Amino acid sequence: MTQPAVAASVAEPQPAAAASTPESEKEQQRQEAEGKKECPICVMFREGGCEKEFNAFMDCGVKGEKGDGDYKDCIPLFESMRQCMQRNPAVFGGVLNDVEELAKTNTEYPPAPAAESSTPQQ
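Residues numbered from 1 in each chain as written. Predicted model: local features only at pLDDT ≥ 70, side-chain atom pairs only at ≥ 80, totals over all residues. Heavy atoms only, no water.

- The chain carries the name GCK domain-containing protein in an unreviewed UniProt entry, which gives Chlamydomonas incerta as its organism.

Shown next, in the form of structure tokens:
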């Protein structure tokens with residue numbers, strides 16, 4: 001019977017989150033009960049010990065997206081998150097490498113608007 005094997009794999013204990021909070025654990029349990037999965041990036045930052053920095057950076061980006069803030073205000077929050085990530089290269093090494101590669105090519109955010117087309121508007 002394959003069903004017990006599936007049940008056993010689901011019931012395996014998971015490693016404790018490094019910086020989980022009672023609130024995030026309750027949210028995770030609620031989502032699991034509803035059959036929802038937590039976003040993998042959120043899990044990575046929580047388990048890597050950088051949940052607070054990640055959430056502050058994301059909140060800043062959402063404010064900028066809504067026009068309630070300036071993206072430039074997010075730069076120090078990103079730097080704080082990056083420093084946290086550097087303290088745990090086992091979890092974030094690949095992400096940090098990607099960030100460094102992107103930083104070499106994209107020096108402006110949001111990107112400058114594309115040049116308007118040369119077709120005259122009527």
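Read on, since the account is not over.
### Notes on the nonpolar core
For step 1, the next point in the chain: Judged by nonpolar contacts, Met44, Phe45, Cys50, Phe54, Met81, Cys84, Met85, Phe92 and Leu96 together constitute the single largest core of nine residues.
For step 2, the next point in the chain: Those elements that provide at least two residues to this core are helix H3 (40-47), helix H5 (75-86) and helix H6 (89-105).
For step 3, the next point in the chain: Here this core takes three residues from H5, the largest share from any one element.
For step 4, the next point in the chain: Apart from residues lying up to four places away in sequence, Cys84 is in contact with Gly49, Cys50 and Glu53. (Core = buried A, V, L, I, M, F, W, Y, C linked by side-chain atoms within 4.5 Å. Buried < 20%, exposed > 50% of the residue type's maximum accessible area, 1.4 Å probe, protein only. Helix = DSSP H or I, 4+ residues; strand = E, 2+ residues; numbered from the N terminus. Contact = heavy atoms within 4.5 Å.)

### Details of H3
For step 1, the next point in the chain: Turning to H3, its buried residues are Val43, Met44, Phe45 and Arg46.
For step 2, the next point in the chain: Residue Gly49 follows H3 closely and has a positive phi angle near 85 degrees.

### Considerations on the state of the cysteines
Here, disulfide denotes a covalent bond that connects the sulfur atoms of two cysteines.
For step 1, the next point in the chain: Applying the stated criterion across every chain yields a total of three disulfides.
For step 2, the next point in the chain: Through a disulfide, Cys50 is tied to Cys84; the S-S separation comes to 2.0 Å. Note on the Cys50 and Cys84 pair: the S-S dihedral is about -95 degrees, so by sign convention the disulfide is left-handed. In this pair, Cys50 is assigned in the loop between H3 and helix H4 (51-66) and Cys84 in helix H5, connecting sequence segments 34 residues apart.
For step 3, the next point in the chain: Residue Cys50 is classed as buried on the basis of its relative accessible area of 0%. (Disulfide = S-S within 2.5 Å.)

### A closer look at the packing of aromatic side chains
For step 1, the next point in the chain: Under the defined criterion, the tally for this structure stands at three aromatic pairs.
For step 2, the next point in the chain: Taken together, a centroid distance of 4.4 Å and an interplanar angle of 15 degrees make the contact between Phe45 and Phe54 stacked. Across the pair, exposure class does not vary: Phe45 and Phe54 are buried alike.
For step 3, the next point in the chain: Plain terms: the ring middles of Phe45 and Phe92 are 5.0 Å apart, the flat faces sit at 40 degrees to each other, and that makes the pair tilted. (Phe/Tyr/Trp six-rings, centres within 6.5 Å; stacked < 30°, edge-to-face > 60°.)

### A few points about the pattern of salt bridges
For step 1, the next point in the chain: Using the criterion set out here, one finds three salt bridges in the structure.
For step 2, the next point in the chain: We note a salt bridge from Glu38 to Arg46, for which the minimum N-O separation is 2.7 Å.
For step 3, the next point in the chain: As a salt-bridge pair, Glu101 and Lys104 come within 3.0 Å of each other at their nearest N and O atoms. In this pair, Glu101 and Lys104 are both assigned in helix H6, three residues apart and thus about one turn of the helix distant.
For step 4, the next point in the chain: Relative accessible area serves as the criterion here: at 62%, Lys104 is assigned to the exposed category. (Salt bridge = Lys/Arg side-chain N within 4 Å of Asp/Glu carboxyl O.)

### Observations regarding the packing of H4 against H5
For step 1, the next point in the chain: Running from N to C, H4 and H5 point in directions that differ by 155 degrees, and their axes come no closer than 9 Å. Taken as axis vectors, H4 and H5 run roughly antiparallel relative to one another. Helix-helix and strand crossings are classified by hand; for H4 and H5 the assignment is left-handed. When H4 is examined against H5, the residues Glu53, Phe54, Ala56, Phe57 and Cys60 are found in contact with a partner set consisting of Leu77, Phe78, Ser80, Met81 and Cys84.
For step 2, the next point in the chain: Of the residues contributing to the contact of H4 with H5, the split by class is eight nonpolar, one polar and one charged. (Axes fitted to C-alpha atoms, helices over the stretch in contact; angles between N-to-C directions. Parallel < 35°, antiparallel > 145°, perpendicular 65-115°, else oblique. Left-handed = near helix turned anticlockwise from the far one by under 90°. Nonpolar A, V, L, I, M, F, W, Y, C, P; charged D, E, K, R; others polar.)

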